[in-house]
Amino acid sequence: FDGVDARDHGGADCDDELATVYPGAEELDDGLDNDCDSFRDEDVIRSGDLVITELFVEPVTGTPGQAEWIEIVNTSSTHADLSQVRLDADGSSSVLSEDVEPLPPSGVWMVCSSVLQAANGGVDSCGTELAIPTGARSFVLLGSDDTIDAVDASGWTLSPGRALELGEAQLDTPLS
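Caption draft 1: Just the overall build of the protein chain, in detail. What the protein chain contains, in helices and strands, is 1 helix and 9 strands. Moving toward the C terminus, one meets the helices and strands of the protein chain in the order β-β-β-β-β-α-β-β-β-β. Along the first, second and third principal axes, the C-alpha set of the protein chain runs to 60 × 35 × 25 Å. Within the protein chain, the fraction of its 176 residues that count as buried is 43%. A total accessible area of about 9,000 Å² is found for the protein chain, and carbon and sulfur atoms account for 47% of it. Side-chain charges in the protein chain split into 6 positive and 37 negative, and the spacing between the mean points of these groups amounts to 8 Å.

Here it is, written out as structure tokens:
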């Protein structure tokens with residue numbers, strides 16, 4: 001159908017019956033693995049699929065400018081390709097991750113100003129090293145088409161040296 005031989009016949013096509021499924025195909029929002037990479041719909045990230053759940057932006061331990069971090073949870077039922085997402089922290093915007101492996105459903109991704117535990121206050125699960133401005137108050141996850149999630153902590157009292165976990169009642173998208 002699509003000109004690529006099926007795996008059963010020595011090719012790389014994971015579903016030779018469908019013309020929209022072959023290696024390198026555009027991932028569509030159809031519940032299928034269109035590009036034959038073992039993940040379905042990973043390039044389709046909607047508002048609320050990724051949620052910022054915790055912030056640490058006022059460090060007193062670690063190295064200033066390197067101890068800041070945020071926690072992001074995948075609330076969707078599909079893998080999320082984080083290279084399709086940008087994090088804007090107080091106007092400073094960067095791609096969330098260049099990693100090849102998408103974040104699985106219910107997966108947690110830590111974005112840290114430094115992946116070095118000695119510099120970041122002891123966080124050992126940093127997935128991405130991005131500059132997060134000390135004292136930042138506005139955090140926006142941006143997809144190719146729209147805002148995925150946003151936290152505006154302007155006016156919030158943040159205690160130096162303490163992380164701020166956003167409770168279930170403060171989240172637009174419930175965690176599951």
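Caption draft 2: Region of the structure containing the nonpolar core. Leu50, Ile70, Ile72, Leu96, Val111, Phe139 and Leu141 are the most contacted members of the largest nonpolar core, which has 25 residues in total. Mapped onto this core, the elements with two or more residues apiece are strand 1 (50–56), strand 2 (69–74), strand 3 (86–89), strand 5 (108–112), strand 7 (138–142) and strand 8 (147–152). Element by element, the count of residues in this core is highest for strand 1, at 3 residues. Residue contacts for Phe139: discarding those within four places in its chain leaves Ile52, Leu55, Val57, Ile70, Asp88, Ala89, Ile132, Asp149, Ala150 and Val151. Counting 7 residues, the second-largest nonpolar core is a separate cluster that includes Ala67, Trp69, Cys112 and Cys126.

Caption draft 3: How the structure looks around the confidence of the model for the protein chain. Confidence in the prediction of the protein chain, expressed as mean pLDDT, is 84, and 91% of residues score 70 or more. Across the protein chain, element-level confidence peaks in strand 7 with a mean pLDDT of 95 and bottoms out in strand 9 (residues 164–165) with 84.

Caption draft 4: The arrangement of the pairing of strand 7 in detail. Note: strand 3 against strand 7, 4 bridges, orientation antiparallel. Bridge assignment links Arg86 to a residue of strand 7, and that residue is Leu142. Bridge count for strand 7 against strand 8 is 5 bridges, and the pairing is antiparallel. The residue of strand 8 that forms the bridge with Phe139 is Val151. Where strand 7 folds back on strand 8, the antiparallel hairpin that results is connected by 4 residues.

Caption draft 5: Structural detail: the sheet that holds strand 5. Strand order in the open sheet formed by 5 strands is 6-5-2-1-9, with mixed pairing between adjacent strands. Because the sheet does not close on itself, it has two edges, and the strands there are strand 6 (126–129) and strand 9. Note: strand 5 against strand 6, 3 bridges, orientation parallel. The residue bridging Val111 from the neighbouring strand is Thr128, located in strand 6.

What counts and what doesn't
- Residues numbered from 1 in each chain as written.
- Predicted model: local features only at pLDDT ≥ 70, side-chain atom pairs only at ≥ 80, totals over all residues.
- Heavy atoms only, no water.
- Helix = DSSP H or I, 4+ residues; strand = E, 2+ residues; numbered from the N terminus.
- Buried < 20%, exposed > 50% of the residue type's maximum accessible area, 1.4 Å probe, protein only.
- Areas by Shrake-Rupley, 256 points an atom, 1.4 Å probe, with all protein chains shown as cover.
- Lys, Arg positive; Asp, Glu negative; His and termini not counted.
- Charge placed at Lys NZ, Arg CZ, Asp CG, Glu CD.
- Core = buried A, V, L, I, M, F, W, Y, C linked by side-chain atoms within 4.5 Å.
- Contact = heavy atoms within 4.5 Å.
- pLDDT = per-residue confidence, 0-100.
- Pairing = 2+ DSSP bridges.

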